[in-house]
Every structure is written in C-alpha cells, then in structure tokens.
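Coordinate inspection notes
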Amino acid sequence: AIPVRSSRLPLLADAMPAPAHLFPLIRNCEISRICSTVCYCHHKHLCCLSSHFAHGHFRYAPQKKFAALYRPKENFNHFIHTRDYASTPQRFYLTPPQVNSILKANEYSFKVPEFDGKNVSSVLGFDSNQLPANAPIEDRRSAATCLQTRGMLLGVFDGHAGCACAQAVSERLFYYIAVSLLPHETLLEIENAVESGRALLPILQWHKHPNDYFSKEASKLYFNSLRTYWQELIDLNSGETTDVKEALINAFKRLDNDISLEAQVGDPNSFLNYLVLRVAFSGATACVAHVDGVDLHVANTGDSRAMLGVQEEDGSWSAVNLSYDHNAQNEREVERVKTEHPKSEEKSLVKQDRLLGLLMPFRAFGDVKFKWSIELQKRVVESGPDQLNDNEYTKFIPPNYHTPPYLTAEPEVIHHRLRPQDKFLVLATDGLWETMHRQDVARIVGEYLTGVHHQQPIAVGGYKVTLGQMHGLLTERRARISSVFEDQNAATHLIRHAVGNNEFGTVDHERLSKMLSLPEELARMYRDDITIIVVQFNSHVIGACQNEEL
C-alpha cells in the first residue's frame, strides 16, 4: 500500500463507508412524526412529484426508462410559501441542539502546527464540512500535506450517477499530483525501495474526518497503477524542474486514463471487477487547490468552484473567482466542445444546456459513456458482471453519439499570487453555489472569521412589510449576531446559512429545521449535497514573503 502518515488516529480495520442515514437524532418514530406534520398539506403529500420540477436540477436529463435514476430538486421557497398547510395538525420542529448535531456531524478542522512558537506556513488551517442530500452522499473531500515537496492540497469532488467515481478520485488524485511534483531523484528512491522491499518514504499526510474512508480492497490495484505512472515519469525524465500547472494537468488526465484502462482490462477478483466498472461508468467533477507559500494554484474540472475572500481597506469583503464552471453557461466552454467535433454535430452537441442533451458538466472524471466508442462500451458491458449487464443505464448509448470522446477530465488551472488582503479560500461543490451568491459567501465567512459584522440595510425585495415585521427582522438579526459563535467551524457556519437563510438573508430556524427534517427520499428534491472547505491564510507570512521579493 502507499505509505501515508495520518494527522489523526488510524481508522479501524473494519472501517466502512459513512452510513446512508447520517441523522441519528431523526430515527424511527421521530422521523415519521416530524415528516407527517411538517410535510402535511390539504391536497397532496410533499412526495408527490409535481409537474413544475425544474429540468435544470437534474445532473443527467431524465429519460423515461431511466426515471428512477434521476432525482430532481424543487425550490424550497415553493415548499415554504405556496404549499397550503393544514392548520389543525401540530407541527414539530427540530430543536436547536438537534439542528446543531446534524450540521456538525461531518465537520473537521485542522490547524497547521507551529515551530518554535511561530507559524511559518502561508496557511493557518482549514475547516471543512458536508451536508448530505443524496443517500448515500455523492460528494467527497480531501486534504493533505505534501511531505516530499512543499505545499498543501485540498479538494472537493462532486459525484453523479453514484458516488463510486468521486470516492476513487478523492483517494487517488492527490497521490498522482504529489508524484507529478516529485524530483527525479526522489522518484528513483521510491522505485528502488519498492524493488528491494524496503519501507517507502511517506508522500502525503492526510487530514481526514473518520467518515472520509479509503477503499482497502482496491489499494493494491491503485498502487500498481500509480507505480506505473511514476516509472514512466522516471523514463521520461527531462532534468527540468516540474511546473505546478503542468503537474496538475498531467495528474488529472493520467488518473482519468487509469480509471478508463482499469475498467477495460477488468480484474479476476469479481468484487474489484465490479468496483472499477462502477467507478468508470459513474462520474465526478473536481476542484483542487495547491498552496505553496504565496503561490496558489486551482485546478478545476466541472462545476464545483473556488472563491477567494478579500478584505478591502474599509474592512468590507469581496469575492474573487478562481475557477470557471464547465457547463452550458460558459460560452468559451461551449465553443471548445464545438471545435472538437464536426460541424454536422453542432446542433446536437449541447441541447437543453446539457452535453448531448444529457450531462450538465462538460468536464468530468469517469463517465466513460461519453468517452468510449460504442463498440468498446458494448464489449465491456457484455463481458462484465451480471450486475452491469442487467443495468439499463450502462447499456444505454447517448443520442447523436458519433465522434467520441465528448468529455474530458483535463482541468483548467488558475495561478494566483497571494497578497496580505487575501484572507481565505472557499472550495465548494455546486450544492452551495446553487443557493448562495459568491459575494454573500465572502461576507458571511469574512465576518465569521473576524467577528466584525458590517450591517447592511435590510432588503425586503418587494415584500410588503409592516412596522412590526421589520422590528421582528431587526430583533432576529441582533440575536443572530450574538449567537454567531455557536459554530466553531467556518464551513458549518456557511452551510447553516446556505440551508437556513430566508428571503431576507437571515437564518430562519424554522426553515432550517424543515430542511433538515426531510427524509432521505425527499431531501434531493430541494437541494444538492453540499461540501465545503474554508482555507484561512496567514497574512503575516504572506506579507513577509512579499517584502523579501522587493
């Protein structure tokens, strides 16, 4: 196995994936009590799919025979404001401690250790958290310190058509990046240690929540593929220092290639054979940051995002995008896809804002249904295990499928030189950005980290508000400010706002309780999985580095 050094106690030997039901406080009779009252309405139950479900909320566009594979999200405002609730049943909401227990179940924090009482890193630490909507959650997150080179790696991964691909990428990508950054001498040392059976140099120190598990069954397969990669890097040695941008691009592309190759070759172990096929036929987007001193590189594939929080001279907060969505809303991305295929396919490449009318992200790991030839897909499915051959989705060929590949995992890399005013970085899957504007994210996180709140006039957005209602809003805002430090984790604080904000931009406990009370089969109708990493920068170290360069 690949040697690692963990920043926490080792996982139990029989560690398993995070349980599908992550809400221990809402179980059995309590879940039915909550849902039967909160979700009660005169005419129809909340779980009845209405005709106005937004097509845009599907990761894959629905096809009739695959309806069970797609779970839409409905705007929760519709649920709150337009449902006709009966006034007779008593409503039960989660108490604040219950809400906190749910929100904090997956939170994790890491502080960079000091040396001789000083922090010499440009990173003070990070907070991360996840809130599931899918069961099990399809998002993943990773964070690690590079031990043989400098820098820290952090990333969020948004899976679709299952969690298998996101899980594999979250385990493997950082190793590919770390190996890509290693000097030739270190690669030789590692290879010689493997040849002679000696202990290997640890490459990464992982910073993981107990639910962020590794697939032990696949560790040997993953190691062999990684070893083949570093052997090729040894053979291709040019003697030049590796460029970080080039290393990130090469690592993304090589891992995606290995995922594809492993699925084509198969494995004599039936469990592993099915696993590699599940990884390849599902998909995942990735947004990864590499921080080394004042050099910040963000590599993005898909529609997760990276955003820099900047504190202006007057103390206010602004947001700087460090990634671009790879979807139909990005005109450059649409043009890129069109230039890679014949003009005769121009009208069928992007339909209903989806690749081939089906897939929302235009770049992703896995998703071999959009990369392999029809012949290869049929051969692999027919020779694969029965679970794969009996799956209608894997046998389905996208329409107008003439000149694959239509999808790539190659990332778009942005480099940014950190400045003292750059206070934090937010990496998050699209579940956050669907509910919050980046400027609000910057303000909420900035105020949380500094404890300084810049009050803006309350905007009522066209609503008719009485004097009494306005007084209530102001009282609520004052109470919210006094209780802001109930969250010890910036990512948790951001999720609280993303899920619980009302139309006036304040956290509404009733709304938050309703959203967290939804059973698994309904939660995905109203929001997506949310995964967030908030990285806090060390302005003193960054400023000192700038002064040395002058």
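Anyway, here's the lowdown on the structure attached to this text. Just so it is clear, the structure is predicted and the values come from calculations on it, not from any experiment.

Glancing now at helix 9 (residues 331-339). Listed as buried for helix 9 are Glu333, Val334, Arg336 and Val337. Buried residues along helix 9 cover an arc of 155 degrees about the axis, so they all sit on one side. Those residues of helix 9 that are exposed and angled more than 90 degrees off the buried face are Glu331, Arg332 and Thr339. The secondary structure elements touched by the buried residues of helix 9 are helix 10 (346-349), strand 11 (350-351) and strand 12 (354-355).

Grouped together as the largest cluster of nonpolar side chains are 60 residues, with contacts concentrated most on Leu173, Phe174, Ile177, Leu204 and Phe365. Excluding residues within four positions of it along the chain, isoleucine 177 makes contact with Leu153, Leu248, Ala251, Phe252 and Val288. Core analysis: the next-biggest nonpolar cluster, separate from the first, contains 37 residues, Ile102, Phe424, Ala442 and Ala491 among them.

We now examine unusual backbone geometry. As a rule of thumb, non-glycine residues mostly have phi less than zero, and peptide bonds are mostly trans rather than cis. A cis geometry characterises the amide bond from alanine 135 onward to proline 136, with omega recorded as 0 degrees. Cis rather than trans, the peptide bond between proline 404 and proline 405 has omega equal to 5 degrees. Looking at the element boundaries, proline 405 is found in the loop between helix 13 (392-395) and strand 14 (412-417). For leucine 356, which is not glycine, the phi torsion reads 55 degrees and is therefore positive. Residue classification places leucine 356 among the buried positions, given a relative accessible area of 2%. In the Ramachandran plot, asparagine 400 falls in the positive-phi region, its phi being about 55 degrees despite a non-glycine side chain. Looking at the secondary structure, you find asparagine 400 in the loop between helix 13 and strand 14. Exposure remark for asparagine 400: the relative accessible area of 34% places this residue in the partly exposed category.

Take helix 5 (residues 184-196) next. Its 13 residues place the ends of helix 5 18 Å apart at the C-alpha level, agreeing with the 18 Å of an ideal helix rising 1.5 Å per residue. Buried residues in helix 5 make contact with helix 4 (164-181) and helix 6 (219-235). Phi turns positive one or two residues past the end of helix 5, at glycine 197, with a value near 75 degrees.

As for its placement among the helices and strands, valine 156 is situated in strand 5 (residues 152-160). Taking relative accessible area as the criterion, valine 156 reaches 0% and is therefore assigned buried. Sequence separation between valine 156 and threonine 429 is 273 residues; the distance between their C-alpha atoms is 6.5 Å. With residues up to four places along the chain from it excluded, the contact list for valine 156 reads Arg140, Arg141, Thr285, Ala286, Cys287, Ser304, Leu427, Ala428, Thr429, Thr531 and Ile533.

Here we take up the packing of aromatic side chains. Tallying each qualifying case throughout the model produces 12 aromatic pairs. Plain terms: the ring middles of tyrosine 176 and tyrosine 229 are 5.6 Å apart, the flat faces sit at 20 degrees to each other, and that makes the pair stacked. Separated by 53 residues along the polypeptide, tyrosine 176 in helix 4 and tyrosine 229 in helix 6 bring together distant segments of the chain. Residue classification places tyrosine 176 among the buried residues on the basis of a relative accessible area of 1%. With a centroid separation of 5.6 Å and an interplanar angle of 45 degrees, the aromatic rings of tryptophan 317 and phenylalanine 424 are classed as tilted. Residue tryptophan 317 is located in strand 10 (residues 317-321), and its partner phenylalanine 424 is located in strand 15 (residues 422-428); the two are separated by 107 residues in the primary sequence. With respect to class, tryptophan 317 is no different from phenylalanine 424; both count as buried. Taken together through their ring pairs, the aromatic side chains of Phe157, Phe174, Tyr175, Trp206 and Phe214 make up a single cluster. A cation over an aromatic ring shows up here: lysine 208 above the ring of tryptophan 206, its NZ or CZ 5.2 Å from the ring centre. Sitting over the face of the ring of tyrosine 274, arginine 278 holds its NZ or CZ atom 5.8 Å from the ring centroid.

Basis of the calculations
- Residues numbered from 1 in each chain as written.
- Predicted model: local features only at pLDDT ≥ 70, side-chain atom pairs only at ≥ 80, totals over all residues.
- Heavy atoms only, no water.
- Buried < 20%, exposed > 50% of the residue type's maximum accessible area, 1.4 Å probe, protein only.
- Helix = DSSP H or I, 4+ residues; strand = E, 2+ residues; numbered from the N terminus.
- Arc of directions from axis to C-beta.
- Contact = heavy atoms within 4.5 Å.
- Core = buried A, V, L, I, M, F, W, Y, C linked by side-chain atoms within 4.5 Å.
- Expected span 1.5 Å × (residues − 1).
- Phe/Tyr/Trp six-rings, centres within 6.5 Å; stacked < 30°, edge-to-face > 60°.
- Lys NZ or Arg CZ within 6 Å of the ring centre and 35° of its normal.

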